[in-house]
Amino acid sequence: MLEIERIAGSGSVIRDPDIRAAYSHDESEVEPHLADAIVRVERGDVLALVVEIAAKYEIPLTARGAGTGRVGGAVPVHGGIVLSTEKLNSIVEIDAQEGIAIVDPGVVLADLHAAVEAEGLFYPPDPNSLATCTIGGNLACNAGGPRAFKYGVTRNYVLSLQAVTGSGARLNVGRPTVKGVTGYDLAGLIVGSEGTLALIERARLRLIPRPESIHTLLVFLPSDESIGEAIQATLRRGITPRCLELIDSIALGLMRRDAGVAIPEGAEAMLLVELDGDEALLERELERVADAFNAAGALEILSAQSSTERERLWAARRELSRTLRGIARFKLSEDIVVPRRRIFDLLRRCREISEESGILMPTYGHAGDGNLHVNFLWDDPEKRPEVDRAIEALFRATVEMGGTLSGEHGIGVLKAPYLPLEQSSELITLQRGIKALFDPSGILNPGKIFLTERKGHGTC
Ligand SMILES: Cc1cc2nc3c(=O)[nH]c(=O)nc-3n(C[C@H](O)[C@H](O)[C@H](O)COP(=O)(O)OP(=O)(O)OC[C@H]3O[C@@H](n4cnc5c(N)ncnc54)[C@H](O)[C@@H]3O)c2cc1C
């Protein structure tokens, strides 16, 4: 570590056990692991040199933004170094004319939103952790969020990246302009690679014009089954809401007390819907979506346009994950995706799995793109094997329905054992080969995505 201290400054290398403990976990149930040291970098060139030194001594290196990940991605399961980008956090440039933002990885997403919107522009990706999560973590996980249904995910807004591979090579990947197809799309490959191929040092992001107006609706429905009908009725009318969030009957029952809004008698499911765009157009769309929800049997529709009212309708949804965490001693949250028309089938299968296993399984999520957060809540530690069986049953059902294991959280540690349920051994081997090209000594975030054996490592 002396070599790293020399380049990063002695205050940047932290061995204090309490601080190491604070960096030993993320927002998942992955068992905490202590790193040998935390390195807080403040400059991109220093980040690159730290990777180079780690490569020379074959020290595992786990990048960390804010540690809000849900699959153990930032947990240093093989020890070594946790490289924190929290101080590498400048918004370097917002070019309103070109619609481009250049940012460091440690920028908190909400800060980027505020800065961009002050210029009349819009950066759509909005994971619900936006108040704390960082751009680096968003890029590494290809974060989505409620607005992904209309606007797409993080990858859709990446023009180019400055990134450092596991052998210390500092690369510019992607394109400098809004359009460009020169060579392989390595920026697209690094986005979503969960810190296993390269560490992201800086990003050039695409911005779009800020929508003129936003309107939020909270729709109470009589059953889980009516969720599917309401979604199809909306889409059939040619409307793409910017958000279409569902809360199923079990989650709604659990949040009834703390919802912040009165939930009508008989309501068994809820949709949070947001439309945006030109004011005059919105008025017409609002009438048509209300018509769609009424046709699906809506019991009540609450509507909000001012930012305070909208925030009130959103508060319960944003806090749902934490509310559920307070209900049971243990909570695991999966983020599977199924084709939209199979959402109700998936909810029904969740009920069956819950009955068979005795595990409470409230579900909510981004209904527009079929991305559901299925939660597993339990109190008795002895129940863990049943939880694992229930998770496997959920994953098998998802794949059978033509879905995928993760819509936005990534594979990390938690889903690595299940990867072969969805992907062939040939595909996994090919991806391992790509990892070996980027990271020949396997130092970057070992133990993530693919199961790997733990091995000893050097010191510097
Ligand atoms: C309440 C709550 C709600 C959430 N809602 C959503 C949601 O709606 N949508 C969604 O997509 N996610 C959601 N998440 C998950 C999480 O917030 C996202 O995955 C987020 O992108 C992680 O950002 P982070 O800065 O916390 O990254 P971390 O947790 O610190 O790291 C995540 C991964 O990124 C890697 N990484 C971090 N920085 C870099 C870098 N500079 N270079 C290379 N790799 C790097 C890490 O090694 C790790 O593998 C939610 C989490 C919580 C707790």
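One structure accompanies this document, and this report is about it. Predicted, not measured: the structure shown is a model, and the values here were computed from it. (Residues numbered from 1 in each chain as written. Predicted model: local features only at pLDDT ≥ 70, side-chain atom pairs only at ≥ 80, totals over all residues. Heavy atoms only, no water.)

**Thoughts on the overall build of the protein**
Right, on to step 1. Along the backbone of the protein there are 15 helices and 18 strands.
Right, on to step 2. Taken over the C-alpha trace, the protein has a radius of gyration of 22 Å; the compact-globule value for 460 residues is 23 Å, and the two agree within 12%.
Right, on to step 3. Once the C-alpha set of the protein is aligned to its principal axes, its extents read approximately 65 × 60 × 40 Å.
Right, on to step 4. Taking all 460 residues of the protein together, 54% fall into the buried category. (Helix = DSSP H or I, 4+ residues; strand = E, 2+ residues; numbered from the N terminus. Rg over C-alpha atoms; globule rule 2.2 N^0.38 Å. Buried < 20%, exposed > 50% of the residue type's maximum accessible area, 1.4 Å probe, protein only.)

**Here we look at the site of the ligand**
Right, on to step 1. Of all residues adjacent to the ligand, which total 35 residues, the nearest are A63, G65, T68, S129 and T134.
Right, on to step 2. Between the ligand and N138 there is a distance of 2.8 Å, counted from an oxygen atom to a side-chain nitrogen or oxygen.
Right, on to step 3. Here the ligand has 980 Å² of accessible area as a free molecule, and 97% of this is covered by the chains.
Right, on to step 4. Counting only elements with at least two residues in the shell around the ligand, the list comes to β3 (61–64), α5 (135–141) and β10 (198–206).
Right, on to step 5. For the shell around the ligand, the element with the highest residue contribution is α5, accounting for five residues.
Right, on to step 6. Per-class residue counts for the shell around the ligand are 12 nonpolar, 18 polar and five charged.
Right, on to step 7. Three or more residues apiece are contributed to the shell around the ligand by two domains, here domain 1 (91–209) and domain 3 (328–416). (Near = heavy atom within 4 Å. Polar contact = N/O pair within 3.5 Å; in protein donor to acceptor, adjacent residues only side chain to side chain. Areas by Shrake-Rupley, 256 points an atom, 1.4 Å probe, with all protein chains shown as cover. Nonpolar A, V, L, I, M, F, W, Y, C, P; charged D, E, K, R; others polar. Domains from an automatic or database assignment.)

**So, the side chain of T398**
Right, on to step 1. In this structure, T398 sits in helix α13 (residues 384–400).
Right, on to step 2. Classification of T398 by relative accessible area gives buried; the value is 0%.
Right, on to step 3. With residues near it in sequence (within four places) discarded, T398 still touches I336, V337, V338, L346, G403 and T404. (Contact = heavy atoms within 4.5 Å.)

**Overview of the packing of helix α8 (residues 225–236) against helix α10 (residues 279–295)**
Right, on to step 1. In the contact formed by α8 and α10, the axes pass within 8 Å of each other and the chain directions differ by 145 degrees. As for the relative orientation of α8 and α10, their crossing is right-handed in sense. Judged by residue contacts, A230, A233 and T234 of α8 engage V289, A292 and F293 from α10.
Right, on to step 2. Grouping the amino acids of the contact of α8 with α10 by side-chain chemistry returns five nonpolar, one polar and no charged. (Axes fitted to C-alpha atoms, helices over the stretch in contact; angles between N-to-C directions. Left-handed = near helix turned anticlockwise from the far one by under 90°.)

**Considering the layout of surface pockets**
Right, on to step 1. By volume, the second largest pocket is sized at about 580 Å³.
Right, on to step 2. Along its surface, the second largest pocket is lined by 27 residues, and G192, E194, I411, Q431 and I449 are the ones closest to its centre.
Right, on to step 3. Secondary-structure elements contributing two or more residues to the lining of the second largest pocket are α7 (186–190), α14 (419–422) and α15 (425–438).
Right, on to step 4. Per-element tally for the lining of the second largest pocket: the top contributor is α15, with three residues.
Right, on to step 5. Looking at the lining of the second largest pocket residue by residue, the classes come out as 10 nonpolar, 12 polar and five charged. (1 Å grid on protein atoms, 1.4 Å probe; cavity = no way out; pocket = protein on both sides within 12 Å on 5 of 7 lines; lining within 4 Å. Points joined across faces, edges and corners; volume = space filled by probe spheres on them.)

**Examining the pattern of salt bridges**
Right, on to step 1. Throughout the structure, instances matching the rule amount to 26 salt bridges.
Right, on to step 2. With its nearest N and O atoms 3.6 Å apart, the salt bridge here joins K415 to E334. Taken together, the residues K415 in the loop between α13 and α14 and E334 in strand β16 (residues 330–337) connect sequence positions 81 residues apart. Just as K415 is buried, E334 falls in that class too. (Salt bridge = Lys/Arg side-chain N within 4 Å of Asp/Glu carboxyl O.)

**Here we look at the packing of helix α12 (residues 343–357) against α13**
Right, on to step 1. Close contact between α12 and α13 brings their axes to 10 Å; oriented N to C, the two are set at 160 degrees. Here α12 lies roughly antiparallel to α13, going by the angle between them. In this structure, α12 crosses over α13, and the sense of that crossing is right-handed. Between α12, through L346, R349, C350, I353 and S357, and α13, the contact on the second element is made entirely by E386, A390, A393, L394, A397 and T398.
Right, on to step 2. Split by residue class, the contact of α12 with α13 holds seven nonpolar, two polar and two charged. (Parallel < 35°, antiparallel > 145°, perpendicular 65-115°, else oblique.)

**Notes on the environment of K179**
Right, on to step 1. Considering the arrangement of structural elements, one finds K179 in the loop between β9 (170–174) and α7.
Right, on to step 2. Here the alpha-carbon distance between K179 and E285, two residues 106 residues apart in the chain, equals 32 Å.

**Examining empty space enclosed by the protein**
Right, on to step 1. Enumeration according to the criterion identifies one cavity of 30 Å³ or more in this entry.
Right, on to step 2. Its boundaries defined by the atoms lining it, the largest cavity holds a volume of some 50 Å³.
Right, on to step 3. Along the walls of the largest cavity sit E27, S28, E29, R70, R325, K331, L332, S333 and L414, which together make up its complete lining.
Right, on to step 4. At three residues, the largest contribution of residues to the lining of the largest cavity is made by β16.
Right, on to step 5. Looking at the lining of the largest cavity residue by residue, the class counts come to two nonpolar, two polar and five charged.

**As for the pairing of β9**
Right, on to step 1. Where strand β8 (residues 158–165) lies against β9, five bridges are found, and the strand directions are antiparallel. Within β9, the position partnered with L161 by the bridge is V173.
Right, on to step 2. The loop that links β8 with its antiparallel partner β9 comprises four residues; one of these, G168, has a positive phi angle of about 90 degrees. (Pairing = 2+ DSSP bridges.)

**Some details on unusual backbone geometry**
Right, on to step 1. Positioned with a positive phi, E58 is a non-glycine residue whose angle comes to about 55 degrees.
Right, on to step 2. Positive phi, close to 55 degrees, is recorded for E194, a residue that is not glycine.
Right, on to step 3. Mapping E194 onto the fold places it in the loop between α7 and β10.

**Looking at the sheet that holds strand β12 (residues 213–221)**
Right, on to step 1. One open sheet accounts for seven strands, arranged β15-β12-β14-β13-β17-β18-β16; its pairing is antiparallel. Two strands close off the open sheet at either side, each with one partner strand: β15 (300–304) and β16. Ignoring strand direction, the axes of neighbouring strands in this sheet form an average angle of 15 degrees.
Right, on to step 2. Inspection of the sheet shows β12 paired to β15 by five bridges, in the antiparallel sense. Across the sheet, F220 pairs through a bridge with E300, a residue of β15.
Right, on to step 3. Lying on the sheet, α12 is in contact with β13 (243–247), β16, β17 (363–366) and β18 (371–378); it crosses β18 at an angle near 10 degrees.

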